[in-house]
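# Topology and contacts: notes
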Amino acid sequence: MSPPCVLLFSLSLLIPSTALLFDMPRIYGDDATGYGPVFEEQPMDTIYPEESPEGKLSMNCRARANPPVTYKWKINSWEIKLLEQPDEHYSLVGGNLVVTNPDRSKHTGRYVCVAQNIYGIIISKEAIVKFGYLNPFSTEEREAVQVREGQGVVLLCVPPDHNADDVTFRWILNEAPNFLYPDKRRFVSQTTGNLYISKVEPSDFGNYSCYMSSLAVSKSVISPFIPLIPLTERTVYKYAADIRVKFPKTYALVNQNVTLECFALGNPIPEIRWRKLDAELPANHEITMAGALLHLFNVQIEDEGYYECEALNSKGKDWHKAYLYVEAAPEWAAHINDTEKDIGSELTLSCVANARPEPYIRWLKNGYSYGKGELKFSSLTFEDSGMYQCIAENRHGSIYANAELRVIACPPTFENNPVRRRLLGARNGRVVIECKPKAAPRAKITWSKGTTMLTNSSRIRVWDDGSLEIFNATKADEGMYTCFAENDRGKGNSTGTLSITEATQITVAPSDTEVRVGETARLQCVAFHDPDLDITFIWSVDTHVIDFDRENEYYERIMTRESSGELWIKNAQLRHAGRYSCTAQTIVDNSTAWADLIVNGPPGPPGGVRAEEIREKTVRLVWTRGTSNHSPIIKYIIQTRDQFTPDREEWRDASTSPPVVQGSEEMTTVVDLYPWCYYEFRAIAVNDLGMGEPSIPSIKIRTYDAVPTMAPPDIGGGSNVNGEVFITWTPLLPQYYNGKKFGYVVAFKQHDEYEWRRVTVADPEARRYVHKDSYILPNTEFQVKVKAYNIKGEGPYSLTAVIYTAQDVPSEAPTEVVARAMTATEAMVWWLPVYQQIVEGYQVKYWRKYDDNEAAAQRMLLPNYINQTLLENMLPDSHYLVEVRAYNSAGFGPPSEHYEMYTKKAPPARPARIYRTYNLLGTYINVAWDHVYPLDNESYIEGYKVLFKKPGHLTGILYTTGKHYMDFPVPSEGDFVVEVRARSEGGDGPISRVRISAGGVLSAQSFSLALLLVVALCCLGFQM
């Protein structure tokens, strides 16, 4: 057995400050299983609540090592001497430091954990310990805040002293838990805690308290009441938008989330809009709280820039912008790893970190500062062994990379890597026999065949790494080969036996093949090989080795016999084109042949699509020709996507000049674009085999701004009250703004005026304008028109619309009102219409003079072309007043003179009792009834109504008579019903019925049962 390597360590570990780590050098061999410390858990920044009931603060530290590590802790660079000076606060549990009854004055600071064993020392990342607290609000009474209705107000929170990173603010109205929920009109800043109300309303009256809480310190505090007193105004004035919550210049770290606040006072309530100057808002953004909050999620470097919020209402606009800086804490791009090097060799240790701003790189060795930048060793010694730490840091944090360096020295040994005992080589091929003993310093290598020492020649060569190479091997090269290794520590050797086999050769190579998309391509491959060796066929396309198990959808290897490996490419696609290589391989050698597969199909995507010569509505688009895939390109299709496309995957065919882009072209002009709009473009090539894949979208561009070309549609308006007129329109869609500072010009004039009056409305989403003038007469005709404007100028006017101001109520009352009672419950009323003014209709009102309240009178509304109507649901024998007045949209005119009338007495309440019916000779039936005598409060009986009809029918033959009987013909078949009721000027009385048939009377509704039996017997006797 070869002597073992010797591993020595840095003598710096022997100095008293680091304590004695070992007593003797370690032996590198089977027993050298040790390694230096590696952190598995490190302390983290901690905020300890001062009022925590636990009374303990714990910071974790755990490292694996062999032999196990011992732990130390430092605070603010001073070692905590737990063993030499026992402290009532500090204790060590494993590697964890526990602080009992923490004290802010003693235990605030930067902590590090130190782990060490005989191989070296490493130091953990710094962990900052702070004490969290949230003091109560000042008990000083807050002054009442008085503000006019319609104005904005800010209630100051004035947070108390605190140390907590997760403070949130809410406001309580009057008493807990009546929390105020922010909305479009009210906003609570999570930066200052202040409450902002854009427009005060009477309902805002009350006592307000600022509620401040923190989960980190598990505490909440409430401020004293702030009374808010809205002052009611006769006229509520409007105010332009005024931004009061302004997000500051902000620093964010990559992959963090950022929230920007913006809120404005104003009446009407301002609308908040966000934008990123010179670019669109990041895709990973969200706007909440009615526009007051802009959230940016997972921030990236490209999100840096100026952000602007705009507040606007019908009275004006306000803007605010600030810069968002995106920086990054260090992240490793390349770091150190455990390394084992020979004594006397060279070594460079380097770390590369990405950060913004650039990180500072420094080094520690066994816990002590050891330079910066890059570490270079020209000739390693045992003293260079140890634990190294690379630290990259900037103002946003630091990262640590740990590694162990071992410097070794030992004689050559083949114990772990001997020369292979059985070596194979192919006839006429190249044979390489490796010799890689372990040796420090590096060993000198020589070779022998049998007893003959080998030297470099035209066929034999010993490489610098010790490998032996034989060119154009023959059977004569078979035999035993020995590698000899020697350095200043000793010698070693290892032997292997070489055998020469027949060379592998491809006898049937694949040939170039051409197929269309969807077809199957077949590539042959047959090889000759040594019969004592196994052979396998490996196929690759370009540089990709085909995995037949994973790619069996398209690739299949056909093994018809042992020495054949045909390849099938099924359902060939464009991506399958390329150079295919077949490698016939044994454990000794291999042979490779190539063939090109051409797949004909639709064209590939054009490249380098870019926009040039950008104008208001046109862009010149340039691209480079893609692959034709062996079929000439016929034409190109240009597609576009703008900022208003709802689906970001949706592309539309663009209009071009000329309309058809020939396949020989590499540029065209895109027309009919929206001015001042962001666009992306892509091109698609087409050939006889179909449409190809689209190009990568062009860089997003914005067309130039231009004067608006569209006029707002749906111009209208009117008036609801005297002294004002409102004008309405449908706002234009944003794609028709054509430029910034978009708004509307509203023009209007009275019909008989020559000059137009003009006003501007700055809100692009406004849809109405109200003009107030106390001198405007009712029902005045106005001509109105609206056009759009932007920073470039004004667009065309809309078509002129005609609207009218509010009408005045009718000033005249209907005349010649006359009412006549028709029955006990109905009357007819007439009047002369009003012609001098616009009248939309008439209201007829009637009520009992002495028994009813006029407010509860019955009312009827009639159109203006009717001047008479029937009054219903009146009470009998009553004294009524009737009134008529004209009305229009402005209201009711004066009432007419009251007309007095009396309804008739009620009709008789008793029915006419039918007391006999006779069948006269079988031809007629005689029906007789008693005379009805009215009561004093009933109308005089004028006669009787008799209805002869079929059962279930509503109509029949109606007779009027003053007699008490009547004859009816006997029906030839079926039943009939006879109805009798008294007739009076107050109306008709109740109905009596009798049912008859060809045989006589069946039933009489008003008869008693006994009387019916008598009548029936009489009828039978008469017939006999």
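Not measured: the values here are computed from a predicted model.

What counts, and at which threshold
Residues numbered from 1 in each chain as written. Predicted model: local features only at pLDDT ≥ 70, side-chain atom pairs only at ≥ 80, totals over all residues. Heavy atoms only, no water. Helix = DSSP H or I, 4+ residues; strand = E, 2+ residues; numbered from the N terminus. Rg over C-alpha atoms; globule rule 2.2 N^0.38 Å. Buried < 20%, exposed > 50% of the residue type's maximum accessible area, 1.4 Å probe, protein only. Areas by Shrake-Rupley, 256 points an atom, 1.4 Å probe, with all protein chains shown as cover. Lys, Arg positive; Asp, Glu negative; His and termini not counted. Charge placed at Lys NZ, Arg CZ, Asp CG, Glu CD. Phe/Tyr/Trp six-rings, centres within 6.5 Å; stacked < 30°, edge-to-face > 60°. Disulfide = S-S within 2.5 Å. Pairing = 2+ DSSP bridges. Axes fitted to C-alpha atoms, helices over the stretch in contact; angles between N-to-C directions. Contact = heavy atoms within 4.5 Å. Patch = residues over 30% accessible without salt bridge, like charges linked within 9 Å, V, L, I, M, F, W, Y side chains within 5 Å. Salt bridge = Lys/Arg side-chain N within 4 Å of Asp/Glu carboxyl O.

### Some words on the overall build of the chain
- What the chain contains, in helices and strands, is two helices and 92 strands.
- Taken over the C-alpha trace, the chain has a radius of gyration of 53 Å; the compact-globule value for 1024 residues is 31 Å, which it surpasses by more than 25%.
- Burial analysis of the chain (1024 residues in total) assigns 45% to the buried set.
- Within the structure as shown, the chain displays about 54200 Å² of accessible surface, and the carbon and sulfur contribution to it stands at 50%.
- Of the side chains in the chain, 104 bear a positive and 125 a negative charge, and the two mean positions are spaced by 1 Å.

### Here we look at the packing of aromatic side chains
- In this structure the tally under the stated criterion is 25 aromatic pairs.
- A centroid spacing of 4.8 Å and a plane angle of 85° characterise the contact between Tyr306 and Tyr323, whose relative ring orientation is edge-to-face. Of the two residues, Tyr306 is situated in strand β29 (residues 305-313) and Tyr323 in strand β30 (residues 316-334); the sequence distance between them amounts to 17 residues.
- You can call Tyr323 partly exposed: its relative accessible area is 23%.
- With a centroid separation of 5.8 Å and 75° between ring planes, the pair formed by Tyr370 and Tyr388 is classed as edge-to-face. With Tyr370 in strand β35 (residues 368-372) and Tyr388 in strand β37 (residues 386-394), this pair connects stretches of sequence that are 18 residues apart.
- Residue Tyr370 is classed as partly exposed on the basis of its relative accessible area of 31%.
- According to the relative accessible area criterion, Tyr388 is buried, its value standing at 1%.

### Regarding unusual backbone geometry
- Asn267 connects to Pro268 through a cis peptide bond whose omega is 5°.
- With respect to the element layout, Pro268 can be found in the loop between β25 (258-267) and β26 (271-276).
- Between Arg356 and Pro357 the backbone carries a cis peptide bond, its omega angle lying at 5°.
- Even without being glycine, Asn174 reaches a positive phi, approximately 75°.
- Inspection of the secondary structure puts Asn174 in the loop between β17 (168-173) and β18 (186-188).
- On the basis of relative accessibility, which here comes to 36%, the residue Asn174 falls in the partly exposed class.

### A look at the state of the cysteines
- Inspection of the entire model under this criterion finds six disulfides.
- Paired by a disulfide, Cys157 and Cys210 hold their sulfur atoms 2.1 Å apart. Across the S-S bond of Cys157 and Cys210 the torsion is about -75°, and the bridge reads as left-handed. Of this pair, Cys157 sits in the loop between β15 (153-155) and β16 (162-163) while Cys210 is found in strand β20 (residues 206-214), placing the two residues 53 residues apart along the sequence. By the burial criterion, Cys157 is buried, and Cys210 matches it.
- Two residues share a disulfide in this structure: Cys435 and Cys483, whose sulfurs sit 1.8 Å from each other. Every disulfide takes its handedness from the sign of the S-S torsion; for Cys435 and Cys483 that torsion is -70°, giving left-handed. Residue Cys435 is located in the loop between β40 (431-433) and β41 (438-440), and its partner Cys483 is located in strand β46 (residues 479-487); the two are separated by 48 residues in the primary sequence. One exposure class covers both Cys435 and Cys483, and it is buried.

### Describing the sheet that holds strand β72 (residues 768-772)
- Strand order across the open sheet formed by three strands is β68-β69-β72, with antiparallel pairing between neighbours. Both outer strands of the open sheet, β68 (716-718) and β72, are each paired with one neighbouring strand and no more. Between one strand axis and the next, the sheet turns through 15° on average, direction left out of account.

### Examining the environment of Leu173
- Assignment of secondary structure puts Leu173 in strand β17.
- Taking C-alpha positions, Leu173 is 9.7 Å from Pro227, a pair spaced 54 residues apart along the chain.
- Apart from the residues within four sequence positions on either side, Leu173 is in contact with Asn178, Phe205, Gly206, Asn207 and Tyr208.

### Thoughts on a positive patch on the surface
- Together, Lys238, Lys315, Arg768 and Lys772 line one region of the surface with positive charge.
- Exposure remark for Lys772: the relative accessible area of 64% places this residue in the exposed category.

### A look at the environment of Ser58
- Position of Ser58 relative to the elements: it lies in strand β5 (residues 56-59).
- Residues within four places of Ser58 in sequence aside, it is in contact with Asn96, Leu97 and Val98.

### Considerations on the sheet that holds strand β52 (residues 536-541)
- Spatial strand order, β49-β57-β56-β52-β53: five strands in an open sheet with mixed pairing. Taken across any chain shown, the strands that pair with only one partner, and hence form the sheet edges, are β49 (513-516) and β53 (544-545).
- Relative to β53, β52 runs antiparallel, the two sharing two bridges. Among the inter-strand pairings, Ser540 is bridged to a residue of β53, identified as Val545.

### Structural notes on the side chain of Ser563
- Within the fold, Ser563 resides in the loop between β54 (555-558) and β55 (566-569).
- Residue contacts for Ser563: discarding those within four places in its chain leaves Cys525, Val526, Ala527, His529 and Phe537.

### Some details on the pattern of salt bridges
- On inspection of all chains with the given rule, the structure shows 56 salt bridges.
- Notably, a salt bridge pairs Arg185 with Glu201, separated by 3.8 Å at the nearest N-O pair. One end of the pair, Arg185, is in the loop between β17 and β18; the other, Glu201, is in the loop between β19 (195-197) and β20, and 16 residues separate them in sequence.
- With relative accessibility at 9%, the residue Arg185 sits in the buried group.
- Classification of Glu201 by relative accessible area gives partly exposed; the value is 27%.
- Of the charged contacts in the structure, one is a salt bridge between Arg459 and Asp477, with a shortest N-O distance of 2.5 Å. You can see Arg459 sitting in the loop between β43 (452-454) and β44 (460-462) and its partner Asp477 sitting in the loop between β45 (468-470) and β46, a full 18 residues away along the chain.
- Overall, Arg459 belongs to the partly exposed group, its relative accessible area being 29%.

Limitation: the analysis is restricted to geometry and does not speak to function.
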